[in-house]
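Topology and contacts: notes
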Amino acid sequence: MTTDSGSAQADSNNGQPTELASLYDPAQVEGPMYDLWQEGGHFHADPAAGGDPYAIVIPPPNVTAALHLGHALNNTLQDNMIRWRRMMGCNTLWMPGTDHAGIATQTVVEKRILAEEGKRRTDFQRDEFIGRVQNWKDEYEARILGQLKAMGCSCDWERTRFTMDATCARAVREAFFKLFSDGLIYRGKRLVNWDPATQTVLADDEVEHQTVEGSFWYLQYPLEHPVEINGQRLEHVTVATTRPETMLGDTAVAMNPNDPRAAALVGKVRVRLPIVGRLIPIVADDHVVMADPESEDEKAKFSTGFLKVTPAHDPNDWAIGQRHNLPAINVMAPDGSISYEHGWTDWDEVRNADVEQLIGLDRFEAREAIVNWFRGENLLEDVRPHAHEVGHSYRSHVPVEPYLSDQWFIAVKKQIPSLPDAGLIAGTDVPVNSLAGLALKPLLEGRVRFVPERYTRTYQTWLENLRDWPISRQLWWGHRIPVWRGKAPESPQQTDWQDVPSSLRVGDADLPAQWRTEQGEVYVYVVAPPNRPDVEQKLDEMGFAQDADVLDTWFSSGLWPISTMGWPEETDALNFYYPTNVLCTAREIITLWVSRMVMFGQYFRGDIPFSTVFIHAMIQDGEGRKMSKSLGNGIDPLDIIASHGADAMRFTLSYMTTETQDVRMPVAEMTLPDGRKANSSPKFDNGRNFCNKLWNSGRFVMMNLAEMTAGEFDRSQMQLEDRWILSRLMRTVDEATQAMENYRFHDCLESIYSFFWSDFCDWYLEVTKPRMRDEQTRLVPQRILAYVLDSLLRLLHPFVPYITEALWQHLGQVVADRSLDAEAPAPPARACVVAAWPKALQDLRNDDAEADFAQVQRAIRAIRNIRSRMNIAPRQPLTAIVRAGEDELARLNSAADTVRHLASLERLETSATAERPRASAMEVVETMQVYVPLEGVIDLDQERERLGKQIAEKEKFIGGSQNKLANESFVSRAKPEVVEAERERLGRLQEELAVLQANLKDLQ
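Residues numbered from 1 in each chain as written. Predicted model: local features only at pLDDT ≥ 70, side-chain atom pairs only at ≥ 80, totals over all residues. Heavy atoms only, no water.

Moving on, we come to the pairing of strand β33 (residues 928–933). Pairing geometry for strand β30 (residues 878–883) and β33, over three bridges, is antiparallel. Looking at the pairing, Arg-883 lines up with Gln-929 of β33. In this structure, strand β32 (residues 920–925) lies alongside β33, joined through six bridges in antiparallel fashion. Looking across to β33, one finds that Glu-923 is bridged to Val-930. (Pairing = 2+ DSSP bridges. Helix = DSSP H or I, 4+ residues; strand = E, 2+ residues; numbered from the N terminus.)

Right, let's talk about unusual backbone geometry for a bit. Of note, the bond from Trp-567 into Pro-568 is cis; its omega dihedral lies within 30 degrees of zero at 15°. Residue placement: Pro-568 occurs in the loop between α16 (560–563) and α17 (572–577). Backbone torsion omega between Tyr-578 and Pro-579 reads 5°, so that peptide bond is classified as cis. Inspection of the secondary structure puts Pro-579 in the loop between α17 and β24 (582–585). Phi at Ala-101 is positive, roughly 50°, even though this residue is not glycine. Residue position: Ala-101 is located in the loop between β3 (97–98) and α3 (102–117). With a relative accessible area of 3%, Ala-101 lands in the buried category. Here Ala-919, not a glycine, exhibits a phi torsion of approximately 50°, which is positive. (Buried < 20%, exposed > 50% of the residue type's maximum accessible area, 1.4 Å probe, protein only.)

What follows covers the packing of aromatic side chains. Taken as a whole, this structure holds 43 aromatic pairs when the rule is applied. An angle of 50° between the planes, with centres 5.1 Å apart, marks the rings of Trp-567 and Phe-604 as tilted. With Trp-567 in the loop between α16 and α17 and Phe-604 in helix α18 (residues 590–605), this residue pair connects regions lying 37 residues apart in the sequence. Of the two residues, Trp-567 and Phe-604, neither departs from the other in class, the shared state being buried. Through successive ring pairs, a cluster of aromatic residues spans Phe-176, Phe-180, Trp-408, Trp-469, Tyr-525, Phe-555, Trp-567, Phe-600, Tyr-603 and Phe-604. When the ring centre of Tyr-603 is taken as origin, the NZ or CZ atom of Lys-178, which lies over that ring, is 4.9 Å away. Directly above the aromatic system of Trp-763 lies the positively charged group of Arg-864, at a separation of 5.3 Å from the ring centroid. (Phe/Tyr/Trp six-rings, centres within 6.5 Å; stacked < 30°, edge-to-face > 60°. Lys NZ or Arg CZ within 6 Å of the ring centre and 35° of its normal.)

A few words on the pairing of strand β19 (residues 502–506). Successive side chains on a regular strand alternate, one facing one side of the sheet and the next facing the other. Side chains Ser-502, Leu-504 and Val-506 of β19 all project onto a buried face; the interleaved residues Ser-503 and Arg-505 project onto a face where none is buried. Between β19 and strand β20 (residues 509–518), which follow one another and run antiparallel, lie two residues, and Gly-507 among them has a positive phi close to 65°.

Let us look at the sheet that holds strand β6 (residues 200–202). Pairing within the open sheet is antiparallel, and its four strands lie in the order β6-β5-β14-β16. Looking at which strands have only one partner, the edges of the open sheet turn out to be β6 and β16 (469–470). One ladder, built from three bridges, connects strand β5 (residues 185–195) with β6; its direction is antiparallel. Of the residues in β6, the one forming a bridge with Trp-194 is Val-201.

A few words now on the sheet that holds β20. The five strands lie next to each other as β19-β20-β21-β18-β22, forming an open sheet whose pairing is antiparallel. Each edge of the sheet is formed by a strand with only one pairing partner; in this case those strands are β19 and β22 (545–546). Here strand β18 (residues 483–487) runs beside strand β21 (residues 521–527); their pairing, made up of five bridges, is antiparallel. Note that in β21 the partner of Gly-486 across the bridge is Val-524. Strands β18, β20 and β21 of the sheet are contacted by helix α5 (residues 166–181), whose axis makes an angle of about 60° with β20. (Contact = heavy atoms within 4.5 Å. Axes fitted to C-alpha atoms, helices over the stretch in contact; angles between N-to-C directions.)

In this section: the nonpolar core. Judged by nonpolar contacts, the single largest core of 233 residues is most densely connected at Phe-176, Leu-179, Ile-410, Phe-555, Phe-760 and Ile-784. Look past the residues within four positions of Phe-760 in its chain and what remains in contact with it is Val-701, Ile-725, Phe-755, Leu-765, Leu-785, Val-788 and Leu-792. Of all hydrophobic cores here, the second largest spans 44 residues; its members include Tyr-221, Val-239, Met-255 and Val-276. (Core = buried A, V, L, I, M, F, W, Y, C linked by side-chain atoms within 4.5 Å.)

The next point concerns helix α8 (residues 315–324). Residues Asp-317, Trp-318, Ile-320 and Gly-321 constitute the buried set of α8. Seen along its axis, α8 keeps its buried residues to an arc of 165°; they face one direction. Of the exposed residues in α8, those oriented more than 90 degrees away from the buried face are Gln-322 and Arg-323. Put simply, Asp-314 is the residue that caps the front of α8, since its side-chain oxygen is 2.9 Å from the backbone nitrogen of Asn-316. Two residues or fewer after α8 comes Asn-325, characterised by a positive phi angle close to 55°. (Arc of directions from axis to C-beta. Polar contact = N/O pair within 3.5 Å; in protein donor to acceptor, adjacent residues only side chain to side chain.)

Looking now at the confidence of the model for the protein chain. Overall, the prediction assigns the protein chain a mean pLDDT of 90, with 96% of residues at 70 or greater. Throughout residues 493–500 the model reports pLDDT below 50, and contacts reaching past four residues in sequence, or to other chains, amount to 28 contacts. (pLDDT = per-residue confidence, 0-100.)

Before going further, it helps to examine the state of the cysteines. Counted according to the given criterion, the structure contains zero disulfides. Free cysteine Cys-153: the closest other cysteine sulfur is in Cys-155, separated by 5.2 Å. Considering cysteine sulfurs only, Cys-761 is the nearest to Cys-691, which forms no disulfide, with 13 Å between them. (Disulfide = S-S within 2.5 Å.)

Attention now goes to helix α22 (residues 720–741). Because each turn of an α-helix spans 3.6 residues, side chains separated by three or four positions end up pointing in the same direction. For α22, built from 22 residues, the straight-helix expectation of 32 Å at 1.5 Å per residue is met to within 8% by its first-to-last C-alpha distance of 32 Å. Of all the 22 residues making up α22, 16 are buried; the element is thus mostly covered by neighbouring parts of the structure. (Expected span 1.5 Å × (residues − 1).)

Of note, Ala-880 is situated in strand β30. A relative accessible area of 0% means that Ala-880 is categorised as buried. Sequence spacing of Ala-880 and Val-899 is 19 residues, and the spatial spacing of their C-alpha atoms is 9.9 Å. Beyond its immediate chain neighbours, meaning those up to four positions away, Ala-880 contacts Ile-863, Leu-905, Arg-907, Leu-908, Glu-909, Tyr-931 and Val-932.

A separate point is the pattern of salt bridges. Per the stated rule, a full pass over the model turns up 64 salt bridges. In this structure, the salt-bridge partner of Glu-174 is Arg-170, at a minimum N-O distance of 3.0 Å. Of this pair, Glu-174 and Arg-170 are both found in helix α5, four residues apart, which corresponds to roughly one turn of the helix. A relative accessible area of 21% means that Arg-170 is categorised as partly exposed. Between Arg-818 and Asp-790 there is a salt bridge; the shortest N-O distance is 2.9 Å. Here the residue Arg-818 occupies a position in the loop between α25 (801–814) and α26 (847–869), and Asp-790 occupies one in helix α24 (residues 779–796), the gap between them amounting to 28 residues. Judged by relative accessible area, which is 1%, Arg-818 ranks as buried. (Salt bridge = Lys/Arg side-chain N within 4 Å of Asp/Glu carboxyl O.)

Structural data, given as structure tokens:
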């Protein structure tokens, strides 16, 4: 049996190993180790190298800013997986890259230019502004890639991609061309989510809903003429709205057809819209909720039974308008101000002094002005406070405005013409062979799975309810939409905008074309094929103009698994590594990104982009808040690397990764080595403590291996502790491997941590110290120490790669062959990063040895417990008497030297019939009783007196606490947490009293 071993050559005089520093300093280790990996080419993926492919594409960080702690967690977990699979012998590829993040990046650059130069985007030529954004991208991309390397990420840096580089741009053009040719991209005037701050459209999943404290304003709309209903004269109807500013675009008032008043109003009388004077009909529609002030339904409680209908500014109103053929009047400009220039179709008929005063006002200023107008005209019936959800832009964070706009859409539930019609997915309205169907089928068939499984429903529900995806953005930074528009040079063959398009001959190319009549003129929209600048030039010569908008960022990101590998070219990387294996990401982009990658992978490549989606927890501060700059509770990964080291950060983040939805990390200020103040968390101290322990124990082991004697390892010479530690190691390897296979990073680290800290350091190293001092007995423990340390470094490498590599390299200088048997050692690995993951060798599993040694541990712990509670010095010699069954005693007697050594005993007596000595302390562990005589060890009278005083003191405290809790005034008036704290204190005092009383009883 052999293991891979390090091959670093000793560089000291006469070939002697270099000496490890006495203290672990990450700053001295991390740079050289990363250089070693890069110089060795250990991260580069070669499809021709053989082995089973294993690939991960990085969720490309946005080039808007440096990485935060959430990125550190995400990339640490990916590196854990890729390093582990590399050690498992897979041919691994971790594809790195960054995302141009259209809205976000353009927004931060615009803000920067405005703050520094007082200029806006429109003060520049388009190419000049894009150049400024490109400079920002270059700066932050370099910072991001530097951060990833500092974290220890083992990406294939030779393949680094950017969503707007030439390779990805080629894929975007090809994808758009195919979708357009299949009739899946169309242009239409639709009500969209509009961000007035960035002045661009947003997809549904780019809208974040926030609860806002607002109001319901009850506005009276006069009828064209009074109507009598059941003997009562009705002169107006009252509508309730949370957005009074949109009433300028009302084109109807709707009521439920079952409302008793409907017969007298619907189709019989019109409403004169206040301020603008527009006469609008009253229509009957089932969407309207009938008024019921006593209802538990919020809508019925606040309803008046009449609904103002503004088709251009509300999605529900848009649907009503479609059903009743109502005009859609847009009363806002793209910046959210009131305007007559963007679709106010009857402006010339309704303009007056009152409405003209509103022109140019911001939507919220207009809201206040309109409410004041209604109040002044005695038409404001009521105002009621109302908390409701309002959609906000995920980038600018301003309230989103439903807005009527011409946009490019992808028809996600349309039957794909090039695929057979296979009907609908059962229980849904999703065609099997639509884009949404292609994304949903792999989930239902089990080919794509989510870990944890609970996120499956998020993905499925989204696709089942998916609306057409608006892909055009009114930006300059991004992939410009490859559509050219011009007047039709010939009669259109068809005019149905959403059918499979016809074609238009341009030069020698037949371009997919869509025809449309606009303001009495026929226009044609064509898509130029990729890599045909001659066709683009011809279109320019024909008077066609390219669309000014850019594509939604998620369009190019949706292609990421295939574009990064060279699609549409059939590259070696694409054919070998696609589909990839796992996507590691956060839950917030399941809909934004994950669904679109599956959709595009299926449509363009005919296969899923990955088989597993691992959703990691979100990091919150100690109060459960999201980390952010505005709250001042963010933690910079580079600050943690500077203060604790990358491995300490990685260990802590990996150890926190359970299947919970969120993890909390208390935030505290610290001083960095360079004197700067920064945020940190005490949790990272755990990682630093672990690394220090690993360094110190590794150094100790290698000091004891420096003069390791040669000779054949004889298994028959192994003692109980040797068989035990090897069996525990094999069990740990098995547990760690299974945990990694199931993405249970915490469980994996917990198993390795427990073995390292407890089994290896606390027990085996201590047990073997006497044997290591004797030349005649040290060979076996030396060989086992080398073997176990070698295995531990490999087990820990995916999580703490720097320190394990440094120790591995030194171990290779000290002991080249760490095998246990006499057979020829395996060829040494060049580095731990490419060493083999340990195997759980069943011939080293020994349940009997584990059971026997557990008995020894129980006896030692019992004696140590007696020392602790009786205040006996750790090294003071004692006598211990153990009473137990014959089998248990046989185990103890076979390891008597170990018990005496680790328990600091002068004498160990074992007997199945032993009686408890006078004035002795006792511990009972399962069926074993352990006695330690105390006469001559401590001053019994003095100890009895001390214990008596402590007991009296505890009883006094307990009485006070019981009286406090029995006081009804205290329990009812104090804060619940104060009362609970007092109950916990009482419980602790009672437990402490019980221990003191037991100790005193031992001395009677």
